[in-house]
Amino acid sequence: MAIVLKQLKTERPKRKALTHAFETMGAIARESAHEVGKDDLKQSAKGFVVATLKNAPSLISAAHQAGLLS
């Protein structure tokens, strides 16, 4: 999440910054999926969703500050 927040705060065109942030999140999820079993993957996915929801205000704030949301 810290990596994504940092990327959202960089000076880039709106669409490019947002796309890159989501690509990074996807890459992290794919890397993690290769390292764990099926049950662990399900638990990790649940944890990822919970962490995303808990950090949603920060992500939205960073997006606003970067001018990605109007």
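Conventions and cut-offs
- Residues numbered from 1 in each chain as written.
- Predicted model: local features only at pLDDT ≥ 70, side-chain atom pairs only at ≥ 80, totals over all residues.
- Heavy atoms only, no water.
- Helix = DSSP H or I, 4+ residues; strand = E, 2+ residues; numbered from the N terminus.
- Buried < 20%, exposed > 50% of the residue type's maximum accessible area, 1.4 Å probe, protein only.
- Contact = heavy atoms within 4.5 Å.
- Areas by Shrake-Rupley, 256 points an atom, 1.4 Å probe, with all protein chains shown as cover.
- Patch = residues over 30% accessible without salt bridge, like charges linked within 9 Å, V, L, I, M, F, W, Y side chains within 5 Å.
- Salt bridge = Lys/Arg side-chain N within 4 Å of Asp/Glu carboxyl O.
- pLDDT = per-residue confidence, 0-100.

So, on to the overall build of the protein chain. For the protein chain, the count of helices and strands is 3 helices and 0 strands. In the protein chain, the order of α-helices and β-strands from amino to carboxyl end is α-α-α. Across the 70 residues that make up the protein chain, the buried fraction comes to 16%. Pairs at least 24 residues apart make up 54% of the contacts formed inside the protein chain by residues separated by at least 6 positions. Carbon and sulfur atoms make up 59% of the accessible area of the protein chain, which amounts to about 5400 Å² in all.

A few words on a nonpolar patch on the surface. On the surface, Phe 48, Val 49 and Leu 53 cluster together to form a nonpolar patch covering roughly 290 Å² of accessible area. Within the secondary structure layout, Val 49 lies in helix α3 (residues 38-65).

As a further point, take the confidence of the model for the protein chain. Scored by pLDDT, the protein chain has a mean of 78; 86% of the residues are at 70 or more. Averaged over each element, pLDDT in the protein chain is lowest for helix α1 (residues 2-8) (70) and highest for α3 (84).

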